[in-house]
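An overview of the molecular structure
This is what each chain is made of:
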Amino acid sequence: MEKTLVLIKPDAVERNLIGKILTVYEEAGLQITALRMLQADLDLARKHYAEHEGRPYFDGLLAEITRGPLVALILEGGNAIGTVRTLNGKTNPKEAAPGTIRARFALDTSHNSVHASDSPENAQREMDLWFPRG
Ligand code: CDP
Ligand code: MG
C-alpha cells in the first residue's frame with residue numbers, strides 16, 4: 001500500500017479542525033498508521049520545505065508552519081499520494097474544488113490548513129523527517 005505524509009497546519013489546529021480533517025481521510029478509506037502532535041522548530045521547517053528556498057513566500061511559510069502546534073500523520077491506502085492531494089484541493093483555496101478540505105476550511109494560500117506529499121520520493125523523505133526512526 002502507498003504511504004503519504006500529511007500535516008494539519010497550525011491555522012487548522014488553532015481553529016479546532018483536527019477531527020473534521022482526519023474524518024475526511026478516514027471516510028475516504030485511508031488508514032492512519034502514524035500520528036503525532038508537535039510544534040516544528042525552524043530547522044525541521046527548513047528541511048521540510050527545502051525545495052521552496054529562495055521563493056518570495058519562503059520566510060512567511062517558515063514562520064507560519066512553526067507558529068504553533070501541528071499534527072503530522074502518515075496515511076496508507078491505494079494511490080494514497082494522489083488521493084490525498086485531491087481531497088486537500090488546490091494550494092489557493094479560492095481555486096480549490098468545492099468539498100475539498102481547502103475549499104471548506106482554508107483561509108487563504110498562506111493559511112491553507114493542510115500539507116501533503118506530492119511524489120513517492122517526497123513522501124519517503126517527509127516521513128523520515130517527521131517520524132524519525134519509526
Ligand atoms: O502545499 P502545496 O503542495 O499545495 O503547495 P506548494 O506550491 O508546494 O507550496 C507549499 C506551501 O507554501 C503552500 O501550501 C502554502 O502554504 C505556501 N505558499 C504561500 O504561502 N504562497 C505562495 N504563493 C505559494 C505557496
Ligand atoms: Mg507542495
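Before reading on, note that the structure itself is shown above.
Report follows, based on the coordinates. Every value quoted in this text rests on a predicted model; they were computed, and no experiment measured them. (Residues numbered from 1 in each chain as written. Chains lettered and ligands numbered in written order. Predicted model: local features only at pLDDT ≥ 70, side-chain atom pairs only at ≥ 80, totals over all residues. Heavy atoms only, no water.)

**What to know about the layout of surface pockets**
Gaps left between atoms show up when a probe the size of a water molecule is rolled over them. Heads up, the condition is: Every definition here rests on a 1 Å grid over the protein atoms only: cavities are sets of points where a 1.4 Å probe fits but cannot get out, pockets are open sets enclosed by protein on both sides within 12 Å along at least five of seven lines, and lining residues have some atom within 4 Å of a point. Grid points are joined across faces, edges and corners, and a volume is the space filled by probe spheres set on the points. Helix and strand labels come from DSSP, where a helix needs a run of H or I of at least four residues and a strand needs a run of E of at least two; each type is numbered from the N terminus. Residues are grouped as follows: nonpolar covers Ala, Val, Leu, Ile, Met, Phe, Trp, Tyr, Cys and Pro; charged covers Asp, Glu, Lys and Arg; every other residue, Gly included, is treated as polar.
Of the pockets and cavities examined, the largest pocket occupies roughly 500 Å³. The wall of the largest pocket is formed by 22 residues, among which Lys-9, Tyr-49, His-52, Leu-61 and Thr-91 lie closest to the centre. Elements with a minimum of two residues in the lining of the largest pocket: helix H4 (58-65), strand E4 (114-116) and helix H7 (120-130). Of the residues assigned to the lining of the largest pocket, the class counts are four nonpolar, ten polar and eight charged.

**Some thoughts on the site of ligand 1**
We apply this condition: To be near a molecule or strand, a residue needs just one of its heavy atoms within 4 Å of it. As used in this structure description, the phrase polar contact means that two N or O atoms lie within 3.5 Å; if the pair is within protein, one of them must be able to donate a hydrogen and the other to accept it, and residues adjacent in sequence are counted only when both atoms belong to side chains. Note on areas: Shrake-Rupley with a 1.4 Å probe; residue coverage comes only from the protein chains shown. In this scheme, a molecule is assigned to a cavity or pocket if more than half of its atoms are within 2 Å of the grid points.
Contacts to ligand 1 come from Lys-9, Tyr-49, His-52, Tyr-57, Leu-61, Arg-85, Thr-91, Arg-102, Thr-109, Ser-110 and Asn-112. Within the side chain of Lys-9, a nitrogen or oxygen atom sits 3.1 Å from an oxygen atom of ligand 1. One nitrogen or oxygen atom from the side chain of Thr-91 is found 2.6 Å from an oxygen atom belonging to ligand 1. Bound to the protein, ligand 1 loses 75% of the 500 Å² it would expose on its own. Under a 2 Å grid-point criterion requiring more than half of the atoms, the pocket assigned to ligand 1 is the largest pocket. Looking at the shell around ligand 1 residue by residue, the classes come out as three nonpolar, five polar and three charged.

**Some points on the side chain of Arg-102**
Condition: Partly exposed describes any residue whose relative accessible area lies between the buried limit of under 20% and the exposed limit of over 50%, with all areas from a 1.4 Å probe on protein chains only and scaled to the type maximum. Residues counted as positive are Lys and Arg, residues counted as negative are Asp and Glu, and His and the chain ends are not counted. By salt bridge we mean one thing: a side-chain nitrogen of Lys or Arg within 4 Å of a carboxyl oxygen of Asp or Glu. Only heavy atoms enter the contact rule, under which two residues are in contact if any of them lie within 4.5 Å.
Inspection of the secondary structure assignment puts Arg-102 in helix H6 (residues 101-105). Despite its burial, Arg-102 pairs with no opposite charge; the closest candidate is Asp-11, at 8.2 Å N-O. When neighbours within four sequence positions are excluded, Arg-102 is seen to be in contact with Lys-9, Asn-88, Gly-89, Lys-90, Thr-91, Pro-93, Ala-96, Asn-112 and Val-114.

**A few points about the nonpolar core**
Inclusion rule: Nonpolar cores are built from buried Ala, Val, Leu, Ile, Met, Phe, Trp, Tyr and Cys residues. Side-chain atoms within 4.5 Å join them into one set.
With 20 residues, the main nonpolar core has Leu-5, Leu-7, Leu-70, Ala-72, Trp-130 and Phe-131 as its most contacted residues. The set of elements that each furnish at least two residues to this core consists of strand E1 (2-8), strand E2 (31-38), helix H3 (42-48), H4, strand E3 (70-77) and H7. The element contributing the most residues to this core is H4, with four residues. Not counting chain neighbours up to four residues away, the residues in contact with Phe-131 comprise Leu-5, Ala-34, Leu-35, Arg-36, Ala-72, Leu-73 and Ile-74. One finds Val-13, Leu-22, Ala-80 and Val-114 within the second-largest nonpolar core, a separate group that totals 19 residues.

**With respect to the sheet that holds E1**
Put simply, the test is: Pairing between two strands is assigned when DSSP locates at least 2 bridges connecting them. Angles shown run from 0 to 180 degrees and are taken between the N-to-C directions of axes, each axis being a line fitted to C-alpha atoms and, for helices, limited to the stretch in contact.
The four strands lie next to each other as E2-E3-E1-E4, forming an open sheet whose pairing is antiparallel. Edge positions in the sheet fall to E2 and E4, since each of these pairs with one other strand and no more. Within this sheet the neighbouring strands show an average axis-to-axis angle of 20°, counted without direction. Alignment of E2 against E3, held across seven bridges, turns out to be antiparallel.

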